[in-house]
Each structure stands twice: as structure tokens, then as C-alpha cells.
Amino acid sequence: MITKQFHHILGLWEEAKVKASNINQPVLISYTEKVDQLDPLKYFKASARHFPGQRFYWSNPTKSHVMVGAGVAKEFTANGTQERFHGIEKEWKRFSGQSLKNQDNQKIGPVIYGGFSFDPKKEKTKLWDNFADALFVLPTIMFTSIDNENYMTINYWSDSEESHLQELMRIKEELGKGSSISHAFAPEIVKCLEMDPNDWKESIQTVTNRISDGVMDKVVLARELRVLFNDEINVDHVLENLLEEQSNSYLFTVERGSDCFIGATPEQLVKKDSNHVHSMCLAGSIGRGATLQEDEKLGKNLLTDNKNIHEHELVVQMIKSALQEVCHDVTTPTEPNLYKMKHIQHLHTPVTANTGKEVTLADLVNLLHPTPALGGYPREISMETIREVEKLDRGWYAGPLGWMDEQNDGEFIVAIRSGLLQGKEASLFAGCGIVGDSDPESEYRETQMKFRPMLSALGGIKES
Ligand SMILES: C=C(O[C@@H]1C=C(C(=O)O)C=C[C@H]1O)C(=O)O
Ligand SMILES: [Mg+2]
């Protein structure tokens, strides 16, 4: 039976074929319909059947924007340093600029999502083989929830087969029902491996010495915790736990075959919504108190601690001056406030700005990444120091991860509080901002605290 909807899908396909032969490149068709209330997690779970290893999840802290993508209608990649941000943007524009849509809702249309490695110049290991320096996906099917309105989008091409379109319709209907399979048995942690804590603390000392010598002001050093389980880690289950425990963070999941990069980060890198730009300075950390009084006391200590204020201020200055290059009305409050999550609290300064039509999202990411919250200050020398001193492959940890739409709007977060899941193993990453008066011991404890969101979501806090 040909439904009215399918008729519409075929109509756009015929139109696209004509356009494709005129412009001599395949034309993308993006078909969106409004749907009833649907739990994004159930949708995410349901899509595993048809698109195993090809799922994406994104939600902002207020859940006013949730996206679940599945399948690959097109992949956009780049490796190495050359213009990777602009390279992806340009290639995406080439296709999205010619796309056909069934509706004029500017908010909902084709979107690509993905991420960038932290530092393409760092020597690579095999760990991140499945995650290129720049990798974005246009999904086959996407669920979007914006301000509690829900949509489903399917993306197909002028050179698709009709049978493929039929199959897409069928899968879309099936996914719309969701899946509520729950996984009662999470695998258990059998071992946590980390590099010798003394070696790590020594590297902190090396860096504080250089800072005291005036070589630079701040460097962020990270460490890796390799966690081994007695069975395969279940991505759905980890995401479910993160949703429950890290409600004040951005949640993200990027599946690449049997690998999955997942996390719950509080840190926004940049959001562009037409000419409005938002960013965030997040640096300076302390734990949460067991009681309200204790928690408030810790917060107050953080707000008045000179070391943390300095660590934070370097980020504020850099982000402000980077944005001032291409924006006007760059505005921040004069004092940081506190950003609290389940296991940790941070100094936080929100930034807003306005920009002109000629400035693109890639321009903004390129200017901002890496901020001194994850790299250091000044940028070049701190990045060289990380390359030299840090004994790990950050891969996508601390890199920009996010999405862009046809209007060149989008949002990128900083992919921290995250881990790479590979079968029975998880590689977790955590770092901290080293300044002149950093104490190696307390920086080590700070990284322990930053591992906790992922460790807890993985099913238990067992720190070796
Ligand atoms: C580097 C991380 O976090 C960053 C470092 C912070 C700090 O040193 O105080 C705080 C927030 C983040 O910008 C991490 O979580 O791995
Ligand atoms: Mg710190």
C-alpha cells in the first residue's frame, strides 16, 4: 500500500534525480515529520537492531535539545592538521546547500554530528583507530526533540533505490515504537590499570617548574585509567546510568563499530544560533560535600581560592579575546559562579557574544579549541609540552564534539568526563589544569574525582 507519506517521499526523490543530473552530484533529501512523545533512550536502544555500532546520542543539560541518530547516510572525515574544522564544514555545505526538504521548519533538517581529536599533531596509537582526527556522520534516521516537540527525519539520496526507501519507512515506523529492553546484569570490574601515580606526579612537577621559570602560565595534564570487566560493556546501560546520575551535563555517545566514545561533560565549547554565540569558561575544581553546609563551605573555598581563580581566569581571558576577534558584544559576568555536578563542582563563567553573517561555526571552533581549560596558556607552548610530557593518546578526549545544521548553526562541547568503550575494556581519561602553585598530590586527587562520573556509570566505583 502506498501511503500519502510515501508518495511524498517518492515525489521528492524524483525531483532530486532531475536536480542531481543538472548539478552533476547526488542530491540529499531530508524528510522530517512531527511525531508523538517518545523516550529518546528507548529510541536509542531500539535502533541497535538495524544500526549496530552506528548510533549517536546527544542531549544538553536541560534536555531541551536531544538528538539520536542511527545509520550512516554519509560520512565526512579528515585526518591530520590541515584545515580539519573548515574542511568538514565546506564538504557539508557542498551537499546541504543542494538538499531538498519536505518542510520549511528551519529548526529541523539534516544535521551532521561527530567530533575532532584533541591534537592531530600528537603521535597516534592503535587505541583510537576508529576515530579519525575529524569524523562526522549524516545519519540515515534521526530522532530530534527540541523544546519538547519531537521529530523524525530520514535522509536519503537521489541515487538511492526505491526498495531502500521502502525499507527506511518500515524501520522508521518500528523505531517510533521504541524499545524498553533493560539490562539487569552489568559486567563487573575486574581490574583498574593506571600508569605509576608517582611518574604522573613527577610530570606535574616538571611542568610546575617550567611555569615557575616563566616558560608558560598553565598546562593541562591528563592521565588514563584502563578498566577491565568480566564481560562486554553494554553501551545502553552506561548511557542510562549517565542520564540518571549526570543530569546537569551534556551527554554524548558516538558508536563506531565495536568501539564507543561516551561521556557526560559539563563543558560547552561554543554554540552558534544565527548571530548569537555562547561559550563557557570552566576551570577550577573542588569536591561535593556530604551535607549542605559542607557543600556550601567547599563552594565558598573554591570561589576564594587564589590557585583556582588563577587557573580559571586564564581561560576567561583567552576565550574573551578569541571571541573578540570575530564577535562583538562579548559579555561575561565579572565573577565566576559555581557549576555543581554529582561528584564535583567547578568555577564557571558563561560567555555570550554576537557575530556577523560571514563568521561560521568552524571559524569559532578553530579560534577556541583548545582553550586553556584543556590545553593551557599560551596555546602553542602548552600544546608542545603536552605532546612531550603526557604519556597517553588523548584521541577524542578533550576534543570538540557536536553537530552542525544546514544554516551553519550548531553546538560543540568539550569531550571530557568520558571514556572509550571497547568490548570488555574501558579507557577513561581525566586531567587538570596545572599552574605554578599546583600540588602534584592534590592534582592527582582532582583527577580521581573526575574519573568518578564514568566509573560510577560503568557500574561501580573501585579505584585501585
Ligand atoms: C581536564 C578536565 O577538566 C577540566 C579541568 C578542570 C580543572 O583543572 O579544574 C576543570 C574543568 C575542566 O575544564 C577533565 O575533566 O578531564
Ligand atoms: Mg583544576
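Residues numbered from 1 in each chain as written. Chains lettered and ligands numbered in written order. Predicted model: local features only at pLDDT ≥ 70, side-chain atom pairs only at ≥ 80, totals over all residues.

- Identification of the protein chain as Isochorismate synthase MenF from Sutcliffiella tianshenii is taken from an unreviewed UniProt entry.
- The record in UniProt for the protein chain states the following under Cofactor (unreviewed entry): "Mg(2+)".
- In its Function (unreviewed entry) section, UniProt records this for the protein chain: "Catalyzes the conversion of chorismate to isochorismate." (UniProt positions renumbered as here; feature names shortened; annotations may be inferred.)

**Here we look at the UniProt feature "active site" (unreviewed entry) in the protein chain**
Piece 1. The residues that UniProt annotates with the feature "active site" (unreviewed entry) are Lys218 and Glu267.
Piece 2. The residue Lys218 is located in strand 11 (residues 218-229) in this model.
Piece 3. Given 25 C-beta atoms within 10 Å, Lys218 falls into the buried group.
Piece 4. Among residues more than four places away in sequence, those in contact with Lys218 are Glu311, Leu314, Pro372, Gly376, Tyr377, Ser382, Gly433, Ile434 and Val435. (Helix = DSSP H or I, 4+ residues; strand = E, 2+ residues; numbered from the N terminus. Buried ≥ 20, exposed ≤ 12 C-beta atoms within 10 Å, placed from the backbone. Contact = placed C-beta atoms within 7 Å.)

**Description of the environment of Gly214**
Piece 1. Position of Gly214 among the secondary structure elements: in the loop between helix 5 (197-212) and strand 11.
Piece 2. Separated by 222 residues in sequence, Gly214 and Gly436 have C-alpha atoms that sit 9.1 Å apart.

**Thoughts on the UniProt feature "binding site: Mg(2+)" (unreviewed entry) in the protein chain**
Piece 1. The UniProt record marks Glu311 and Glu446 with the feature "binding site: Mg(2+)" (unreviewed entry), using the residue numbering of this structure. Maximum C-alpha separation among the annotated residues is 13.7 Å over a sequence range of 136 residues, consistent with a single clustered spot.
Piece 2. Structurally, the position occupied by Glu311 is in helix 8 (residues 306-324).
Piece 3. Assignment of secondary structure puts Glu446 in helix 11 (residues 440-457).
Piece 4. A count of 19 C-beta atoms within 10 Å places Glu446 in the partly exposed class.

**A look at the site of ligand 1**
Piece 1. Near ligand 1 you find 18 residues, and of these Ser285, Ala373, Gly431, Cys432 and Gly433 are the closest.
Piece 2. Mapped onto the shell around ligand 1, the elements with two or more residues apiece are strand 11, strand 15 (276-287) and strand 23 (425-434).
Piece 3. A class-by-class count of the residues in the shell around ligand 1 yields 9 nonpolar, 5 polar and 4 charged. (Near = placed C-beta within 6 Å. Nonpolar A, V, L, I, M, F, W, Y, C, P; charged D, E, K, R; others polar.)

**Description of unusual backbone geometry**
Piece 1. Omega for the bond connecting His369 with Pro370 falls within 30 degrees of zero, at -10°, which places this linkage in the cis form.
Piece 2. Among the secondary structure elements, Pro370 is positioned in the loop between helix 9 (361-368) and strand 19 (376-377).
Piece 3. That bond from Tyr377 to Pro378 is cis: its omega, -10°, falls within 30 degrees of zero.
Piece 4. Considering the arrangement of structural elements, one finds Pro378 in the loop between strand 19 and helix 10 (379-389).
Piece 5. Despite not being glycine, Asn24 shows a phi value in the positive range, around 60°.
Piece 6. Tracing the chain through its elements places Asn24 in the loop between helix 1 (4-23) and strand 1 (28-35).
Piece 7. Here the phi dihedral of Ser274 falls at roughly 60°; this positive angle occurs in a residue that is not glycine.

**Focus on the domain arrangement of the protein chain**
Piece 1. Partitioning the protein chain into domains gives domain 1 (4-176) and domain 2 (189-457).
Piece 2. Here domain 1 and domain 2 have C-alpha centroids that lie 27 Å from each other.
Piece 3. Taken together, the contact between domain 1 and domain 2 spans 39 residues of the former and 43 residues of the latter.
Piece 4. Secondary structure elements with two or more residues in the side of domain 1 that touches domain 2: helix 2 (40-46), strand 2 (55-59), helix 3 (84-96) and strand 6 (111-116).
Piece 5. In terms of residue count, the dominant contributor to the side of domain 1 that touches domain 2 is strand 6 (6 residues).
Piece 6. A class-by-class count of the residues in the side of domain 1 that touches domain 2 yields 18 nonpolar, 14 polar and 7 charged. (Domains from an automatic or database assignment.)

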